[in-house]
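Observations on the model geometry
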Amino acid sequence: MRILRASVILVAGGCLGLAWNAWSGRGFVLGQSVFVQVGDEVIEPSEAKARLDRGALFLDARPRDFWTMSRIPGALSQPEEEFDRSFAELEPKLRGTFNIVVYCSGYGCEASHVVARKLREKGIHAAILSEGWPAWTDAGYPVTGPK
Amino acid sequence: MIRTSWLQLALRLGLGGFFLYASLDKIAAPAAFARIVYQWQVVGPVPANLVAVILPWVEALAGLLLVAGLWKREAAAVIAMLLVVFILAAGSVMARGIDVENCGCFSTAKAEQPSWFKGVGWFLIARNLVLLGAAVVFIRLPAPTGQRTTS
């Protein structure tokens, strides 16, 4: 009886949660990463590497100290929290290419999505590297060291 | 026996109130909570969404039942099970060196309190162990005289 009642609590909680997500107006799409929004182009590390080889401009959305320590070759620092200042410096370069990839710290990091959206508001499209820096390094792709 | 019934009442209201309160902000902001769940890196993005949608309601329901005094032991058992999962997950996060600055335990807002208090770390594990101990004590306490032992 106790196991049955405990199971009822779990199942009822699950049903309430799914119903709330569907009908409360506060819900979100369950079948995709919560970071992805309409208009986001998310690419896998292999595709990002191919774009790097084709001369894509990479933007590092992590805090500047991380970029200073290590980064994807050629990546420019465009931290989320310093977006306006960095954008003012980088704008001519960003407007000179249609091939931009943004990355951040990965796994739960939203900075690359935020930077890509802010760029989109300014009329610049940038793809987002899925799972960011750790996915890139786990794949064994090149990085450069301290500046 | 009087002492036991007061202890039961305190544990029931304390545990129930704690979990009921902990669920409110997460229910109000499921997408923000999903981001936090994913940051723990225990499950992938889609399972993290399901956890974020379901977990707060299980917490709320179990907390509410405890406070109301209905299905008390079953609700405490569910809470104990959740706490075991939380402790194991927090241990996994710490062992892998992942920095989660807001555990999402009470609020989905960015951390204002110090990271040792709000993040995933030893304080969180210690707090959950205390809560787990309270839940286990509550489950094992004999029912006060005149009450059925199944509730």
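Definitions and cut-offs
- Residues numbered from 1 in each chain as written.
- Chains lettered and ligands numbered in written order.
- Predicted model: local features only at pLDDT ≥ 70, side-chain atom pairs only at ≥ 80, totals over all residues.
- Helix = DSSP H or I, 4+ residues; strand = E, 2+ residues; numbered from the N terminus.
- Rg over C-alpha atoms; globule rule 2.2 N^0.38 Å.
- Buried ≥ 20, exposed ≤ 12 C-beta atoms within 10 Å, placed from the backbone.
- Contact = placed C-beta atoms within 7 Å.
- Domains from an automatic or database assignment.
- Pairing = 2+ DSSP bridges.
- Right-handed = clockwise from strand over helix to strand, strands pointing away.
- Nonpolar A, V, L, I, M, F, W, Y, C, P; charged D, E, K, R; others polar.
- Core = buried A, V, L, I, M, F, W, Y, C linked by C-beta atoms within 7 Å.

**Here we look at the overall build of chain B**
- The helix and strand inventory of chain B stands at six helices and zero strands.
- What you see for chain B is a C-alpha radius of gyration of 16 Å, in line with the 15 Å of a compact globule of 151 residues.
- By principal-axis analysis of the C-alpha atoms, chain B measures approximately 50 × 25 × 25 Å.
- Here chain B, with 151 residues, has 41% of them falling under the buried criterion.
- Pairs at least 24 residues apart make up 69% of the contacts formed inside chain B by residues separated by at least 6 positions.

**Considering the overall build of chain A**
- A tally of helices and strands in chain A yields six helices and five strands.
- Ordered by position from N to C terminus, the α and β elements of chain A give α-β-α-β-α-β-α-β-α-β-α.
- Taking all 147 residues of chain A together, the buried fraction comes to 32%.
- Put simply, of all contacts in chain A between residues at least 6 apart along the chain, 66% involve residues at least 24 apart.

**Considering the domain arrangement of chain A**
- Partitioning chain A into domains gives domain 1 (1-30) and domain 2 (42-138).
- Here the C-alpha centroids of domain 1 of chain A and domain 2 of chain A sit 38 Å apart.

**Description of the sheet that holds strand β5 (residues 127-129) of chain A**
Residues and elements named next belong to chain A.
- One open sheet accounts for five strands, arranged β1-β5-β4-β2-β3; its pairing is parallel. Pairing within the sheet leaves two strands with one partner each, and these edge strands are β1 (42-43) and β3 (76-77).
- The sheet contact formed by strand β2 (residues 57-60) and β3 spans two bridges and is parallel. Pairing of D60 across the sheet is with S77, part of β3.

**Observations concerning the pairing of β2 of chain A**
Residues and elements named next belong to chain A.
- Residues L57 and L59 point to one face of β2 and F58 and D60 to the other, with burial holding for every one of them.
- The pairing of β2 with strand β4 (residues 100-103) spans four bridges and is classified as parallel. Paired with L57 across the strands is I100, a residue of β4.
- Crossover connection from β2 via helix α3 (residues 64-69) to parallel β3: handedness right-handed.

**Some words on helix α2 (residues 30-39) of chain B**
All names here are of chain B.
- Counting buried residues along α2, nine of its 10 residues qualify, which places the element largely inside the surrounding structure.
- By the burial criterion, the buried members of α2 are P30, A32, F33, A34, R35, I36, V37, Y38 and Q39.
- Positive phi shows up at Q41, right after α2, with a value of about 60 degrees.

**Focus: the interface of chain A and chain B**
- Each partner contributes residues to the interface: chain A has 25 residues there, and chain B has 28 residues.
- Here the residues of the side of chain A that touches chain B sort into 13 nonpolar, eight polar and four charged.

**Quick word on unusual backbone geometry**
Residues and elements named next belong to chain B.
- With phi around 60 degrees, Q41 is a residue other than glycine that occupies positive phi space.
- Mapped onto the fold, Q41 is located in the loop between α2 and α3 (45-68).
- Residue Q41 is classed as partly exposed on the basis of its 18 C-beta neighbours within 10 Å.

**Focus on the nonpolar core**
- L15, A62, A75, A76, V78, I79 and A135 of chain B are the most contacted members of the largest nonpolar core, which totals 46 residues.
- Of all the secondary-structure elements, those providing two or more residues to this core are α1 (2-23) of chain A together with α1 (2-28), α2, α3, α4 (72-95) and α6 (122-140) of chain B.
- For this core, the leading source of residues is α3 of chain B, giving 12 residues.
- Judged by nonpolar contacts, the second largest core, of 25 residues, contains L57, F58, I100 and V102 of chain A.

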